[in-house]
Amino acid sequence: MTATQVQVRAPGKINLALHVGPPRPDGYHPLATLFQAVSLYEDVLARPSDEITLELRGRGTDLPTDAGNLAVRAAALLRETGGVDRGVHLTITKQVPVAGGMAGGSADAAATLLACDQLWGTGLSREELAELAAELGADVPFALTGMSAMGVGRGDLVTPVMSRGTYHWVLAVQGEGLSTPHVFKTFDELEGYTVPSAAAPGSDHAAPDGAGPRVDPGLLAALLSADPLVLAKHLTNDLQDAALDLRPELGDVLAAADRAGALAAVVSGSGPTVAALALDAPHAASVADVMRAAEVAAEVLTVTGPVPGARVLEHVHGRR
Ligand SMILES: C[C@](O)(CO)[C@H](O)COP(=O)(O)OP(=O)(O)OC[C@H]1O[C@@H](n2ccc(N)nc2=O)[C@H](O)[C@@H]1O
Ligand SMILES: Nc1ncnc2c1ncn2[C@@H]1O[C@H](COP(=O)(O)OP(=O)(O)OP(=O)(O)O)[C@@H](O)[C@H]1O
């Protein structure tokens, strides 16, 4: 029996805290981040096909459908790794804003890995899938893990973190995204960092134990408190100034969240989406209404977190 179609759902993310160190010789930055997966989803439907093909619905219908798309690269990587001689037709329904700092493309890649693994019967373990995920992008392993997790290294070394309660967020989504490499480059300029040459002393990535950015233990304790007022004190993002430098109007979004009574607000990842924390669902609805009226965003959405990582929603068996 072979699966005739597999439906997988993967979430977008918010970075509750994002600490960024100076660039490594490969241009990547060591990170320490606390991810929270939120209830804005990418749905990937995988059906048998001879080639790897892709169709996009919802957001992102302008995105490439060839190897320029991270989902197509994910399917190709699994096909090569698993020695598979078949293809897949992928239909992706996107809810996560494109280039919004919420890792929508990464969620597509994670969901595609899981869907193709089921469709083709490659039977990789979650650990093996996470290794492939890290080859595709720094945020892809977290989209497999979901819930709340710490990311170190390039952000791809992910460890689940305990969290109690449900947090209510208001997302201010911009019409035009920000390029992640551009935001990191601006971060380097603002910090006066240059990319070291591979030959430079200490540039072999072998950071001594304990070196590199770290997540504040207070944030881990805050997540156990289940109290949004406590969590609000710990939202932080080292890339926020770079995102504001590139998009000064994000200052108006943060100010509008404050005026609307949000407990705290932060740019998510490389931006430009701003995540504002609320007390509960009614408070989130009222903050969202005030932010909509302020006209500082193309869209204002309410979501909750944490939610699970990539998971199979439907798996239909039959003969091919
Ligand atoms: C900003 C975050 O979303 C925080 O979670 C991630 O760091 C970005 O993750 P991502 O988009 O999956 O990143 P990748 O696709 O691996 O890399 C895109 C680009 O972002 C920059 N990049 C990314 C991750 C990292 N630790 N250091 C970097 O400098 C690099 O310029 C890289 O070429
Ligand atoms: N399936 C995909 N979905 C979205 N973008 C994709 C996809 N495949 C390739 N891309 C390219 O990647 C860019 C950024 O993707 P994405 O939407 O994941 O950004 P992001 O949410 O800012 O990511 P991150 O938070 O991981 O930095 C897009 O502008 C597009 O050029």
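Conventions used here
Residues numbered from 1 in each chain as written. Chains lettered and ligands numbered in written order. Predicted model: local features only at pLDDT ≥ 70, side-chain atom pairs only at ≥ 80, totals over all residues. Near = placed C-beta within 6 Å. Helix = DSSP H or I, 4+ residues; strand = E, 2+ residues; numbered from the N terminus. Nonpolar A, V, L, I, M, F, W, Y, C, P; charged D, E, K, R; others polar. Buried ≥ 20, exposed ≤ 12 C-beta atoms within 10 Å, placed from the backbone. Pairing = 2+ DSSP bridges. Expected span 1.5 Å × (residues − 1). Arc of directions from axis to C-beta. UniProt positions renumbered as here; feature names shortened; annotations may be inferred. pLDDT = per-residue confidence, 0-100. Contact = placed C-beta atoms within 7 Å. Axes fitted to C-alpha atoms, helices over the stretch in contact; angles between N-to-C directions. Parallel < 35°, antiparallel > 145°, perpendicular 65-115°, else oblique. Left-handed = near helix turned anticlockwise from the far one by under 90°.

Q: Where do I start with the site of ligand 1 in this structure?
A: Near ligand 1, the surroundings consist of 19 residues, among which G137, A138, D139, P181 and G269 are the closest. Among the secondary structure elements, those contributing two or more residues to the shell around ligand 1 are β1 (2–20), β2 (31–49) and α5 (180–191). At three residues, the largest contribution of residues to the shell around ligand 1 is made by α5. Residue composition of the shell around ligand 1, by class: seven nonpolar, 10 polar and two charged.

Q: Looking at this structure, how should I read the pairing of β2?
A: On any regular strand, side chains alternate: one points to one face of the sheet, the next to the other face. Counting buried residues along β2, 15 of its 19 residues qualify, which places the element largely inside the surrounding structure. Sheet topology places β2 next to strand β5 (residues 148–153); six bridges connect them, and they run antiparallel. For F35, the partnering residue across the bridge sits in β5 and is A149. Bridge count between β2 and strand β4 (residues 87–94): eight bridges; the pairing is antiparallel.

Q: Would you explain helix α10 (residues 281–294) in this entry?
A: For an α-helix the count is 3.6 residues per turn, leaving residues at separations of three or four pointing the same way. The end-to-end C-alpha distance of α10, which contains 14 residues, comes to 20 Å, matching closely the 20 Å that a straight helix rising 1.5 Å per residue would cover. Of all the positions in α10, only A284, V287, A288 and M291 are classed as buried. The arc that holds the buried residues of α10, viewed along the axis, is 105 degrees, so those residues lie on one side. Those residues of α10 that are exposed and angled more than 90 degrees off the buried face are P282 and A293. Looking one or two places after α10, you find E295, whose phi comes out positive at around 55 degrees.

Q: It is not clear to me how the UniProt feature "domain: GHMP kinase C-terminal" (unreviewed entry) in the protein chain should be interpreted in this structure. Could you clarify?
A: Sequence positions flagged by UniProt for "domain: GHMP kinase C-terminal" (unreviewed entry) are, in local numbering, residues 220–294. Between the C-alpha atoms that bound residues 220–294 the distance is 33 Å, and the span itself is 56% helix and 15% strand.

Q: Before we go on, may I ask you to explain the confidence of the model for the protein chain in this structure?
A: Detailed reading of the predicted model is not advised wherever pLDDT is low. Residues at a pLDDT of 70 or more form 94% of the protein chain, whose mean pLDDT is 94. Across residues 202–206, confidence stays below pLDDT 50; counting only partners more than four residues off in sequence or on other chains, it has five contacts. Scored as a whole, the predicted complex attains pTM 0.95, and scored at its interfaces, ipTM 0.96.

Q: Explanation requested: the site of ligand 2 in the structure shown.
A: Around ligand 2 lies a shell of 20 residues, among which L70, A103, G105, D139 and T180 are the nearest. By residue number, the principal contributor to the shell around ligand 2 is helix α2 (residues 104–120), which donates four residues. Considering only residue class, the shell around ligand 2 consists of seven nonpolar, 11 polar and two charged.

Q: Help me understand unusual backbone geometry in this model?
A: In this structure, the amide linkage connecting G271 to the following residue, P272, adopts the cis form with an omega of 5 degrees. With respect to the helices and strands, P272 occurs in the loop between β9 (264–267) and β10 (274–278). A cis amide bond, omega 0 degrees, links G305 with the succeeding residue P306. Summarising the element assignment, P306 is placed in the loop between β11 (299–305) and β12 (311–318). For A103, which is not glycine, the phi dihedral falls at a positive 65 degrees.

Q: Explain the UniProt feature "binding site: ATP" (unreviewed entry) in the protein chain to me, please; I cannot follow it from the model alone.
A: The positions UniProt marks with the feature "binding site: ATP" (unreviewed entry) are P97, V98, A99, G100, G101, M102, A103, G104, G105, S106 and A107. Looking at where V98 falls in the secondary structure, it is placed in the loop between β4 and α2. The exposure class of V98 is partly exposed, given the 17 C-beta atoms found within 10 Å. Among residues more than four places away in sequence, those in contact with V98 are R59, G60, L63, G104 and G177. Of note, G101 is situated in the loop between β4 and α2. The contacts of G101, once residues within four sequence positions are left out, are L178, V267, S268, G269, S270, G271, P272 and T273.

Q: I'm lost on the pairing of strand β7 (residues 167–173) in this one. Help?
A: Within β7, seven of the seven residues are buried, which leaves the element mostly enclosed by the surrounding structure. Neither face of β7 is left uncovered, since the one carrying Y167, W169, L171 and V173 and the one carrying H168, V170 and A172 both have all their residues buried. Relative to β11, β7 is paired through seven bridges, and the arrangement is antiparallel. When the bridges of β11 are listed, L171 appears paired with L301. Pairing of β7 with β10 involves five bridges; the strand directions are antiparallel. When the sheet's bridge partners are listed, H168 is paired in β10 with A278.

Q: Would you mind going over the packing of α2 against helix α3 (residues 126–136) with me for this structure?
A: The relative placement of two packed helices comes down to the angle between their axes together with the axis-to-axis distance. For the pair α2 and α3, the least separation of the axes is 10 Å and the interaxial angle reads 140 degrees. Taken together, α2 and α3 sit at an angle that is classed as oblique. The crossing of α2 and α3 is right-handed. Packed against α2, whose contacting residues are A109, A110, L113, L114 and D117, the element α3 presents L129, L132, A133 and L136 at the interface. Broken down by class, the residue content of the contact of α2 with α3 amounts to eight nonpolar, no polar and one charged.

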